[in-house]
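These are the residues of each chain, in order.
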Number of protein chains: 4
Amino acid sequence: MAEKIRVTVWNEYRHEREIPKVAAIYPQGIHAALAAALGAQADIAAATATLDEADNGLGEKVLAATDVLMWWGHKVHDAVADATVDRVQTAVLKGMGLIVLHSGHYSKIFRRLMGTTCQLMWREAGERELLWTARPGHPILAGVPNPVVLEHTEMYGEPFDIPEPDETVLISSFAGGEVFRSGITYRRGAGKVFYFRPGHETYPIYHDPVVQRILINAVRWAAPSGSMAIELPCRKMNWWQQPKPPAAR
Amino acid sequence: MAEKIRVTVWNEYRHEREIPKVAAIYPQGIHAALAAALGAQADIAAATATLDEADNGLGEKVLAATDVLMWWGHKVHDAVADATVDRVQTAVLKGMGLIVLHSGHYSKIFRRLMGTTCQLMWREAGERELLWTARPGHPILAGVPNPVVLEHTEMYGEPFDIPEPDETVLISSFAGGEVFRSGITYRRGAGKVFYFRPGHETYPIYHDPVVQRILINAVRWAAPSGSMAIELPCRKMNWWQQPKPPAAR
Amino acid sequence: MAEKIRVTVWNEYRHEREIPKVAAIYPQGIHAALAAALGAQADIAAATATLDEADNGLGEKVLAATDVLMWWGHKVHDAVADATVDRVQTAVLKGMGLIVLHSGHYSKIFRRLMGTTCQLMWREAGERELLWTARPGHPILAGVPNPVVLEHTEMYGEPFDIPEPDETVLISSFAGGEVFRSGITYRRGAGKVFYFRPGHETYPIYHDPVVQRILINAVRWAAPSGSMAIELPCRKMNWWQQPKPPAAR
Amino acid sequence: MAEKIRVTVWNEYRHEREIPKVAAIYPQGIHAALAAALGAQADIAAATATLDEADNGLGEKVLAATDVLMWWGHKVHDAVADATVDRVQTAVLKGMGLIVLHSGHYSKIFRRLMGTTCQLMWREAGERELLWTARPGHPILAGVPNPVVLEHTEMYGEPFDIPEPDETVLISSFAGGEVFRSGITYRRGAGKVFYFRPGHETYPIYHDPVVQRILINAVRWAAPSGSMAIELPCRKMNWWQQPKPPAAR
């Protein structure tokens, strides 16, 4: 492939600037860590955007140059402007891929695209998570072991208030016995959406090479196949717009 | 069944008061015509609510007494308060059925639950529509002929920007050659959603006994099976909330 | 409701006659234990059928008098005649409900309806299973605690080679850390299908009142809403079979 | 991409040898016409296989060298050996793409993968078909006009007895007023399946450049992303196969 997939990693970027424990793990922010891991691939060009930039970092120009948007937010979901959510939603419907990470389940954009509360159960106890393959051979799992083992994670538990996924790719269990649909896909308009559970800011999850492998695969999977120049349907038609009306019999 | 299904038929109720041609077809409003047809069934109790009432006619008390909400809007979707949309969405997720009619595809509540634009193509030429059964034996089609023939309708054409339906029940063709997924179902949270295409305000569609049969069936299908006292998932769990932790080996 | 739901509980009925340990748990066979539990409900009439009866117990007459078929098999799936599988498949497509239990995942009829191998991972170690609610408010879970706790079960683990479920109702974790989609639904033709994982023959799972509650709910959920007199589509049409051809313009 | 997608076009190849009218349209057989159109693409290597060859042309060696199988059958579906169907099903579940054409809806392999009868309504009257885009931006529709117009086709009408599609890509209307889901996708195991309606043997449908464009796109879409060396799940696990058991607390 001649051209690279253009990824923009978005981060609200507050924890890392306010909480020393988080800053110790992600000194330049989660977005920078992820962009470095993704951008190291020959076929991916990674940029970043953050909440406190103009237009929340996601103006029309940035979105027009983004094939896949990766989303990390946690503390201040409501600080994202509704106009930003509108722009991102439109971009997804026209074909931009979207990868939502961990606490991003409760972001405005994910709730917007799902139509449900996206609420869940949780516990922060640094417990062990096993992520089991539910779809062998799915491209997001290329080169990924079964199960993926993460020694210390925040627990998310079912019920997860989402529409039935198009594809259930990964299901987790936790040391406490709970379960969670940790890797799921949706199509909304022409865009592909992947939600990936792991990633609390107080654990070095995004430095894990297996997690990075999953996210690299997800970027390739979510990249639009076409031009993203889809015209959303909204047109008054008349009899003659049709190439030729069906012949009377 | 001892208790009746409580239906609330909602209408923005503007066309009928402003356009004589519409008033001639629905003198008391579309909501009144539909409520009369539904309420004539022994197992259905039908009430109405309209946009210009307090809380858009859909305060907490009304929603708590509604098993199935039927929605008709067209001209002034934006006049519905966001708080009303929030209340209706929550009620659906907790188990209330929702039946969205015709131009309600572009209502705030339907777009909220779908996560897409719900846009489509259209033409108002009073042309013939055939609605074909795609799911024989579906309860919404009990006693309904295949195809249903409507002589004069507004055309809606694909693409219809929606998530893939859970069930495609009816597909229409129009005299002009277009097609449309005219009867589709979704589950969102504990609630069942049915979208039904026919129904422009300048045609007497809702006086058609076959259309009424479909809507009566849809009310029975969408009625919640349980108590609608679902607790939405949003709880911090600790180790000990679980009945007993799994035994160490 | 005046009429009862007619359930037929099918069992290959071999373990109970050959293995004393199983006979001790289910002296009259698993089918008899389940039929007793179901038939104790005022709205359910339960009968049984077994492999070694004529037509595998499932002749046309039996199927015509069955609203919901419950299936238990394990040792000798291949002993079921293909003609029996054909009859059951046709009955499901015409509207009969089907509830497949535990090792029935590998029955001919379930694999026929799924189109996949329905294979999975397993371990028999009498370990603890937690079944978590993934769809709060689903009728199959009415009155069912979250999680359901079964102290001693055979483990089934993902990947489970099935098409994506229409609804994921229950997800299990096991003491060994594995996960499984333990309660899932499909629609095939006019029939509803529910797969329920728990139930190994060497554990008294079907004597558990919570398991019985789930199966009673599932019977009510899977019962056909219509007449099961669906005509499967297979007809040569001519121009004039249509009520009236669309008018030429 | 360095390597080409290896397509095998399968044809029962009977009509063309027996019916002069068909031979006039496809002198070398439908398979040869399709293979020529596909193989003209730089990234596709096309081979053919036919019913009357050894192993129905689809032995293990052929399937192991096939990324995407295209299937055309009509007259003698039952002449395909069950062992062939088994081999093709296994190949699909392990990741091989499958494109089923027109009357192949009633092939053993499609019915095997769907679990339903795949029956439909039909009429052979050489009437006009319009194929409408239901999923703008889907890769199978790249460069394809909306609607696609085919002047003379055999009609297929709903109901089409299939499981709800994963994606509804194209919906047709016919001059007689019927509708049909003409382009639909499924995932079964690791394999992608695309059903495409147009193509009766007495019409030169497969010489149409728009139809060829759709099929070329479908080949690229259905090509496996991985190695097709998926291990189907079927393994007895013990406590120690897991990397490390979850720690006791």
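Preceding this paragraph is the structure being described.
Going along each chain's sequence as written, the residues are numbered from 1 onward. Following the order in which they are written, the chains are lettered starting with A and the ligands numbered starting with 1. Where totals are concerned, whole chains, interfaces and linings use all residues; where local detail is concerned, this predicted model gives features only for residues with pLDDT of at least 70, and gives and counts side-chain atom pairs only at 80 or more.

Asks: Just checking my understanding: could you explain the interface of chain B and chain D for this structure?
Replies: In many analyses, interface size is given as the accessible surface area lost on bringing the parts together. Think of it this way: build a C-beta for each residue from its backbone, and any pair within 7 Å is a contact. Each partner contributes residues to the interface: chain B has 19 residues there, and chain D has 19 residues. Secondary structure is summarised from DSSP: a helix means a run of H or I of at least four residues, a strand means a run of E of at least two, and numbering begins at the N terminus for each. Mapped onto the side of chain B that touches chain D, the elements with two or more residues apiece are β5 (121–133) and β7 (167–174) of chain B. Per element, the largest residue contribution to the side of chain B that touches chain D is four residues, and it comes from β7 of chain B. Each residue gets one label: Ala, Val, Leu, Ile, Met, Phe, Trp, Tyr, Cys and Pro are nonpolar, Asp, Glu, Lys and Arg are charged, and the others, such as Gly, are polar. Along the lines of polarity and charge, the residues of the side of chain B that touches chain D split into nine nonpolar, four polar and six charged.

Asks: Would you explain the pairing of β7 of chain B in this entry?
Replies: A regular strand places its side chains on the two faces of the sheet in alternate fashion. The exposure label follows from counting other C-beta atoms within 10 Å of a residue's C-beta, where the C-beta atoms are placed from the backbone and the thresholds are 20 or more for buried and 12 or fewer for exposed, leaving partly exposed in between. With seven of eight residues buried, β7 of chain B is to be regarded as a mostly interior element. Linking β7 of chain B to strand β8 (residues 179–188) of chain B, which pair antiparallel, is a turn of four residues; within it G177 of chain B sits at a positive phi near 105°. Pairing between strands is defined by DSSP: at least two bridges between the two strands are required.

Asks: What is the right way to read the packing of helix α3 (residues 30–39) of chain A against helix α7 (residues 209–222) of chain A from this model?
Replies: Angle between the axes and distance between the axes are the two parameters that describe a pair of packed helices. Residue and element names in this part refer to chain A. Inter-axis angles, ranging from 0 to 180 degrees, are taken between N-to-C directions of lines fitted to C-alpha atoms, where helices are fitted over the stretch in contact. Contact pair α3 / α7: the axes reach a minimum separation of 10 Å and the direction vectors enclose 70°. Here α7 runs roughly perpendicular to α3, going by the angle between their axes. You can see that α3 and α7 cross each other, and the crossing is right-handed. Counting all contacts with α3, which are made through L34, A37 and L38, the residues of α7 involved are Q212, L215, I216 and V219. A class-by-class count of the residues in the contact of α3 with α7 yields six nonpolar, one polar and no charged. Angular relationships are summarised with four words: roughly parallel below 35 degrees, roughly antiparallel beyond 145, roughly perpendicular across 65 to 115, and oblique for the angles in between. Should the near helix be turned counterclockwise from the far one by less than a right angle, the crossing is left-handed, whereas a clockwise turn marks it as right-handed.

Asks: Even after reading the chapter, I still don't get the relation of the copies chain B and chain D, so can you show me in this structure?
Replies: What relates the pair of chain copies is a rotation about an axis plus a shift along that axis. The copies were overlaid by least squares, fitting only the C-alpha atoms of residues that reach a pLDDT of 70 or more in each copy. The two copies are related by a screw motion: chain B maps onto chain D through a turn of 180° and a shift of 0.0 Å along the axis, at an RMSD of 0.0 Å. What the rotation and shift describe, once combined, is the action of a two-fold rotation axis. Mapped onto chain D, 100% of the interface residues of chain B are again interface residues, and the two copies thus contact each other with one and the same surface.

Asks: Where do I start with the nonpolar core in this structure?
Replies: In summary, soluble globular proteins display a tendency toward joint burial of nonpolar side chains. Core analysis: the biggest nonpolar cluster contains 153 residues, and I99 and V219 of chain B together with I99 and V219 of chain D have the highest contact counts within it. By convention the nonpolar core is taken to be a set of buried residues drawn from Ala, Val, Leu, Ile, Met, Phe, Trp, Tyr and Cys and joined through C-beta atoms within 7 Å. Y26 and V92 of chain A together with C118 and I162 of chain C belong to the second largest nonpolar core, which has 152 residues in total.

Asks: Just to check I follow, could you spell out the pairing of strand β1 (residues 5–11) of chain A for this structure?
Replies: Residue and element names in this part refer to chain A. Burial runs high along β1: six of the seven residues are buried. Of the pairings in the sheet, the one linking β1 to strand β2 (residues 44–50) comprises seven bridges and is parallel in character. Along β2, the bridge assignment pairs N11 with T50. Pairing analysis gives five bridges linking β1 to strand β3 (residues 68–72), with the strands arranged parallel. Bridge pairing links T8 to L69 in β3.

Asks: Mind showing me how you'd approach helix α5 (residues 82–93) of chain A here?
Replies: It helps to recall that an α-helix has 3.6 residues per turn; residues three or four apart then point in one direction. Residues and elements named next belong to chain A. Compared with an ideal rise of 1.5 Å per residue, which puts 12 residues at 16 Å, α5 spans 16 Å between its outermost C-alpha atoms and is within 8% of the ideal. The set of residues buried in α5 consists of T84, V88, Q89, A91, V92 and L93. Contacts made by the buried residues of α5 are with α4 (60–64), β3, β4 (97–101), α6 (108–114), β8 (179–188) and β9 (191–196). Once α5 ends, the next one or two residues include G95, with phi positive near 130°. Under the convention used throughout, the expected extent of a helix is 1.5 Å for every residue step, that is, one less than its residue count.

Asks: Teacher, can you tell me more about the environment of F194 of chain C here?
Replies: Residue and element names in this part refer to chain C. Structurally, F194 is set in strand β9 (residues 191–196). Taking the number of C-beta atoms within 10 Å as the measure of exposure, F194 has 25 and is therefore buried. Sequence spacing of F194 and L98 is 96 residues, and the spatial spacing of their C-alpha atoms is 6.4 Å. With sequence-adjacent residues up to four places away left out, F194 is seen in contact with I99, I140, T185, A218, W221 and A222.

Asks: It is not clear to me how unusual backbone geometry should be interpreted in this structure. Could you clarify?
Replies: Glycine aside, the phi torsion of most residues is negative, and most peptide linkages are trans. Residues and elements named next belong to chain A. The omega angle of the peptide bond from N146 to P147 is -5°, so this bond is cis rather than trans. Take P147: it is sitting in the loop between β5 (121–133) and β6 (148–157). Cis geometry marks the peptide bond from E158 to P159, where omega comes out at 0°. When you line up the elements, P159 lands in the loop between β6 and β7 (167–174).

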